[in-house]
Amino acid sequence: MESRVHYTITCWRQLCLCSICIYTTFQGSPGISMMLRALLLTSLLSWANGQEGLTMLPEEKSKIRDQIVEMFDHAYGSYMKYAYPADELMPLSCRGRVRGLEPNRGDIDDSLGKFSLTLVDTLDTLVVLNKLDEFEDAVRRTLRDVRLDNDVVVSVFETNIRVLGGLLGAHVMADMLRQRGERMQWYRDELLHMAKELGHRLLPAFNTSSGLPYPRVNLRYGVLNPLSRTGTESDTCTACAGTMILEFAALSRLSGEAVFEEHARKALDVLWEKRQRGSDLVGTVINIHNGDWVRRDSGVGAGIDSYYEYLMKAYILLGDNVYLERFNTHYSAIMKYISQPPLLLNVHMHNPTVSVRSWMDSLLAFFPGLQVLRGDLKPAIETHEMLYQVTKQHKFLPEAFTTEFRVHWGQHPLRPEFAESTYYLYKATGDPYYLRVGQSIVEKLNAHARVPCGFAAVQDVRTGTHEDRMDSFFLAEMFKYLYLLFSEKNQLHFDIDDYIFTTEAHLLPVSLSTSQPPCRGNNTEAPTAVEEDLFTYSCPSTQTLFPNNPSFAKTIRDSYKYLTGVGRAFHASPDRGIELPLHDHGMEPVEFLRSMGISLTPLNEAGATETHGAHEGVYRVKLVAEVTQTPEEEVVPLIVQLISPPYLGRMVLTAGPAKFGMDLIKQEHGVSFLESCIYLYLLYMSLRILIKDRHAPPNPLKCITQRLKFKYLPMSAFVLYISGALWMSACVTTVCIFTGISPPFSLTHAMFLSQVKGSIVKTSPYTACGPIENAQELSGHIALALRGDCMFAAKARRLQEAGAIGVIFIDHREGSNSAETPLFQMVGDGGPTADITIPLVFLFSQEGALLTSALEDHSNVDVLMLPKERQLGKRGGLWSSGQSNIMLPTEDQGSITASMLPAVLQFACLLICRQQSK
Ligand code: DMJ
């Protein structure tokens, strides 16, 4: 077992480039450690070189790093200027938040202990960012100003991770600088003394029968003192009890007082004993007196998160294999029940196969980072990619988001977990993709959180409104991870891999595992046998995981790239190769998919070399979906407008376009303006000749031009053309309206629009998937065909051959309508479709039903197929136009009157002219 422990520590180093092995396995062998470092660097570089074309030049990297430093200066400078010595900065009010002076925010305020929280939490960040003057100054201020004995009730968990962790991290850094002999020569471990004092002030919280700590403690009076104003609580969160070991063990080992580590370890022992034995999961809230679970939902986010983190890191920091065994047991359970890549969903610890909620919280974003430490890269990449998609959609991770990536709780208090995981993934893969992710975090913070006095939390990612808070973890964590992400190892002033990050990103030296004797373990029962996997006790090498695949991370990510639909590639190909688990004779899935308009062709037919998958019953098929619905590619809506009586343009059905066949949007179809003018004028002239001129209806515009003495011939000719056309169309329309005959031109304005007009005929068979039985009837008309059974392209071809001048496809899914379902474009069948030249539109079933019932009610139904923006009557105002998707016919004769307007006007004009010419 001992060798396994060392092996795993070495593995952790291999992934995180941590130097644990130097202090454990290879202590005193600088040659080996140098070799390891060189090896790791080389392998990292080779990975980086093989990545997708997202490389980042060193200049760009260092520019972003400078930007991060500038942002830090703005945030820290604002805190020091406007808030210090208060605990936190209120970046909108430009002042400090002092507990008791601001409205109470409930539990959140339990972090505030009047101990200059933000300053203490930021100390070791100053060293990481190489701000050594500022660090020295900040340490002096801390020693001078910070008091730890305030009569304030604080959260044990928050005070431990932020203040005790902050003091310890600062002490470790101060000690490192002092030992170098350049700075901090005056330093006499004062920060460690403060840490010890604080440790003692937190210890009363552990005075429970179980050993699980109280959630709160009064810094001056402890817990059970009558003056303490706390101690009535009966429960705490799992993370609250289980996130003490790193700080308390470090304090014990640095101070020589074992009591801290012992208490923290005892609390972990209780949690381990209380795990649900069937599932090996823990709940979210536990009773601190009897150890009963109060909330039994189990996940990796809020309430539990850092308990798992601390088991893994306790093993790394302290070298005690009990922690690793426990972690591995829990990890197996998490991967079995909670992880549904890329999602991580809470389950009931007693009934873990059932998810208890359909949303995730943002705290779980740390988990991919922990998976990297564990060497489980694939699910880490998957979940991280999912989180990245969510940030792309909502700018930041909302506090909670649904499994459909919608906002469940829109707040974003500038949490660092996503940056943390990004940093770990970059360390493990060397893939510059993660630098781009980091860059996007930097840009979004500057664009959407930066305010004149610092950075403000986002109240709701949907509105972008700000909240008057800048939590201390923003300075403690966010800037460390971002700065380190964009720093080369040799640009840092100390070896970051000699340290491990606490949950608040404070630095503790991995040398602690050997520099001080470990505290004696108690008699905790041995862990049950863990279902071991490849990496339980072996190096999680990327080469083992993804042999000879330098773009493994990309390959994994690609499957999750468009989860939220954001950033989908512009013309996504509808053709995809998939593996379908089909049983020997079970082709029903193929038929079923086909009925949905998806064709599946075995790949041998499609010309592929491989026809069958490696496994029996798996067929490789070419999948051709015949619709696309890409949010980025705007689908231009079309309409089917019913123009024959009694509809007269008032029924308008929203329709979807096709990517093949006649393009109704770009091309001019039907009767053009000039054509209609010529046509009508010829009609007019014929009529004049036919009825011997004098009886012919006079041309009112000719009359006007004569009166206005337009002598100029071309102009007169043009006016005559127009007037003739208008006059004729008005007359014909008027006659048609009164007689109920379908007008030869839909309505006057139809002449000036691109469209296809025709009367509709239902296809037989309705799906148009077999030989067309009513070809004669269809010829010269617009065909109505039901979706399904075969591809749109196949139907269109058949109907075109039968003589149809257009096709309206009607959805076969009951109840579908354009109000609720986004429009999509019909695409071809994966092959060339240039032979299909007639126009094609698609109607959802509710709109389709209106059209078919119109056909049942009226033997002749003429329709126009045209772009929605050119809807008849909409812009001209001649018809009352509806904004809704469907405009139903009414008995309102107003619109008929309106349609007669041109004729009426011209009659009036004529009468005036006649009167005047007499
Ligand atoms: C930090 O205070 C710590 O990381 C903690 O474990 C949970 N998350 C907050 C920041 O989001």
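Please refer to the structure higher up on the page.
Just so we're clear, the structure is a prediction, and the values are computed from it rather than from any experiment. (Residues numbered from 1 in each chain as written. Predicted model: local features only at pLDDT ≥ 70, side-chain atom pairs only at ≥ 80, totals over all residues. Heavy atoms only, no water.)

Along its length, the protein chain carries 30 helices and 33 strands. Out of the 918 residues belonging to the protein chain, those deemed buried represent 57%. Sequence-distant contacts in the protein chain: of pairs separated by 6 or more residues, those separated by 24 or more amount to 72%. Here the protein chain has roughly 37600 Å² of accessible surface; of this, 55% comes from carbon and sulfur atoms. (Helix = DSSP H or I, 4+ residues; strand = E, 2+ residues; numbered from the N terminus. Buried < 20%, exposed > 50% of the residue type's maximum accessible area, 1.4 Å probe, protein only. Contact = heavy atoms within 4.5 Å. Areas by Shrake-Rupley, 256 points an atom, 1.4 Å probe, with all protein chains shown as cover.)

A word on the sheet that holds strand S32 (residues 840-843). Within the open sheet, the 7 strands sit side by side as S27-S26-S33-S28-S29-S30-S32. Their pairing is mixed. Of all strands in the sheet, those bounded by a partner on one side alone are strand S27 (651-655) and S32. Here the average twist between neighbouring strands, direction ignored, is 35°. By the bridge criterion, 3 bridges tie strand S28 (residues 756-762) to strand S29 (residues 782-786) in an arrangement that is parallel. Paired with valine 761 across the bridge in S29 is alanine 783. (Pairing = 2+ DSSP bridges. Axes fitted to C-alpha atoms, helices over the stretch in contact; angles between N-to-C directions.)

Bringing the sheet that holds strand S11 (residues 347-348) into the picture now. Strand pairing in a sheet relies on backbone hydrogen bonds. The paired strands run either parallel or antiparallel. Here 3 strands make up an open sheet; going across it, the order is S8-S11-S12 and the pairing antiparallel. The open sheet has two edge strands, strand S8 (297-298) and strand S12 (351-355), and neither has a second partner. As paired elements, S8 and S11 share 2 bridges and run antiparallel to each other. Within S11, the residue paired with serine 298 across the bridge is valine 347.

Core analysis: the biggest nonpolar cluster contains 171 residues, and Phe135, Tyr308 and Leu445 have the highest contact counts within it. Not counting the four nearest positions on each side in its chain, leucine 445 is found in contact with Met71, Phe396, Leu414, Arg450, Phe455, Phe474, Met478 and Leu482. With 25 residues, the next largest nonpolar core counts Ala768, Val807, Phe809 and Met826 among its residues. (Core = buried A, V, L, I, M, F, W, Y, C linked by side-chain atoms within 4.5 Å.)

Per the stated rule, a full pass over the model turns up 3 disulfides. Each sulfur in the disulfide pair cysteine 94 and cysteine 453 lies 2.0 Å from the other. Residues cysteine 94 and cysteine 453 are joined by a disulfide whose S-S torsion is about 90°; by sign, that bridge is right-handed. Highlighted residues: cysteine 94 in the loop between strand S1 (88-90) and strand S2 (95-97) and cysteine 453 in the loop between strand S16 (450-451) and strand S17 (454-455), separated in sequence by 359 residues. (Disulfide = S-S within 2.5 Å.)

Attention shifts here to the packing of aromatic side chains. One pass over the full model with this rule turns up 26 aromatic pairs. Measuring from centroid to centroid gives 5.3 Å for tyrosine 307 and tyrosine 308, while their planes differ by 45°, and the two rings are tilted. Across the pair, exposure class does not vary: tyrosine 307 and tyrosine 308 are buried alike. Grouped by ring-pair contacts, the aromatic residues Phe72, Tyr76, Phe455, Phe474 and Phe479 constitute a single cluster. Here the guanidinium or amino end of arginine 275 rests over the ring plane of tryptophan 272, the centre of that ring lying 3.8 Å away. Its guanidinium or amino end placed over the ring of tyrosine 433, arginine 557 lies 3.5 Å from that ring's centre, counting from NZ or CZ. (Phe/Tyr/Trp six-rings, centres within 6.5 Å; stacked < 30°, edge-to-face > 60°. Lys NZ or Arg CZ within 6 Å of the ring centre and 35° of its normal.)

Right, let's talk about the site of the ligand for a bit. Around the ligand, the surrounding shell consists of Phe157, Ile161, Leu363, Arg415, Pro416, Glu417, Phe473, Glu477, Thr503 and Glu504. Note that an oxygen atom of the ligand is positioned 2.6 Å from one of the side-chain N or O atoms of glutamate 504. In isolation the ligand offers 290 Å² of accessible surface; the protein chains occlude 94% of this area. The set of elements that each furnish at least two residues to the shell around the ligand consists of helix H7 (156-180) and helix H18 (472-485). Here the shell around the ligand is composed, by residue class, of 5 nonpolar, 1 polar and 4 charged. (Near = heavy atom within 4 Å. Polar contact = N/O pair within 3.5 Å; in protein donor to acceptor, adjacent residues only side chain to side chain. Nonpolar A, V, L, I, M, F, W, Y, C, P; charged D, E, K, R; others polar.)

Attention now goes to the side chain of threonine 243. Structurally, threonine 243 is set in the loop between helix H9 (238-242) and helix H10 (245-255). Classification of threonine 243 by relative accessible area gives buried; the value is 0%. There is a polar contact of 2.8 Å between the side chain of threonine 243 and the side chain of serine 306. Setting aside its immediate chain neighbours within four residues, threonine 243 contacts Phe157, Asn160, Ile161, Ser306, Tyr307, Tyr310 and Thr503.

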